[in-house]
Amino acid sequence: MTILIVGGAAQGKSAFARHISPETEIVDNLQDIVREAMQEGKPIPKAETFLGKTVVCNELGCGVVPMDAMERDWREHTGRLCCDIAARADRVYRMCCGIPQCIKEEA
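What this report covers is the structure whose coordinates are included nearby.

Reading guide: rules and limits
Residues numbered from 1 in each chain as written. Predicted model: local features only at pLDDT ≥ 70, side-chain atom pairs only at ≥ 80, totals over all residues. Heavy atoms only, no water. Helix = DSSP H or I, 4+ residues; strand = E, 2+ residues; numbered from the N terminus. Polar contact = N/O pair within 3.5 Å; in protein donor to acceptor, adjacent residues only side chain to side chain. Contact = heavy atoms within 4.5 Å. Axes fitted to C-alpha atoms, helices over the stretch in contact; angles between N-to-C directions. Parallel < 35°, antiparallel > 145°, perpendicular 65-115°, else oblique. Left-handed = near helix turned anticlockwise from the far one by under 90°. Nonpolar A, V, L, I, M, F, W, Y, C, P; charged D, E, K, R; others polar. Buried < 20%, exposed > 50% of the residue type's maximum accessible area, 1.4 Å probe, protein only. Pairing = 2+ DSSP bridges.

Moving on: the side chain of Arg75. Along the chain, Arg75 turns up in helix α3 (residues 69-88). Only 3.1 Å separates the side chain of Arg75 from the backbone oxygen of Leu60, close enough to count as a polar contact. Once residues within four sequence positions are removed from consideration, Arg75 is found in contact with Leu60, Gly61, Cys62, Gly63, Val64, Val65 and Pro66.

The structure is reproduced here in structure tokens:
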């Protein structure tokens, strides 16, 4: 089962991931994985890499758009990867103030 959990920083995403997926591999801080790949000139992982896992990612699309081109590209690549993972995920949650909201659940 693939699960994606998104939300702002420090909203309880990781703790929630551990609670609902104690037996599943958890990929925490997807945004940092994308940033590291970009900085090292490596390919950005594809959504298929994360199938069968619980993926946790900070929301990056809210707020002021960065002036730095690298920061804008990072936000763009992370957002598109999250969209690809969400399309394939069995469940998608959005966390706000420690409260999970299920925004997608496949039957």
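Attention shifts here to the packing of helix α2 (residues 30-39) against α3. Axes are the key here: two packed helices are described by the angle between their axes and the distance separating the axes. Axis separation between α2 and α3 bottoms out at 10 Å; the angle between their running directions is 130°. In terms of their interaxial angle, α2 and α3 are classed as oblique. The two elements α2 and α3 cross, and the hand of that crossing is right-handed. Where α2 abuts α3, its residues Leu30, Gln31, Val34, Arg35, Met38 and Gln39 lie against Met70, Glu71, Asp73, Trp74, His77, Thr78, Leu81, Cys82 and Ile85. Its residues assigned to classes, the contact of α2 with α3 shows eight nonpolar, four polar and three charged.

All right, on to the pairing of strand β3 (residues 54-58) then. Along β3, five of the five residues are buried, which leaves the element largely enclosed by surrounding structure. Of the pairings in the sheet, the one linking strand β1 (residues 3-7) to β3 comprises five bridges and is parallel in character. Within β3, the position partnered with Leu4 by the bridge is Val55. Summarising the sheet, strand β2 (residues 26-27) and β3 pair through two bridges and their orientation is parallel. Opposite Val27, over in β3, you have Val55 as the bridge partner.

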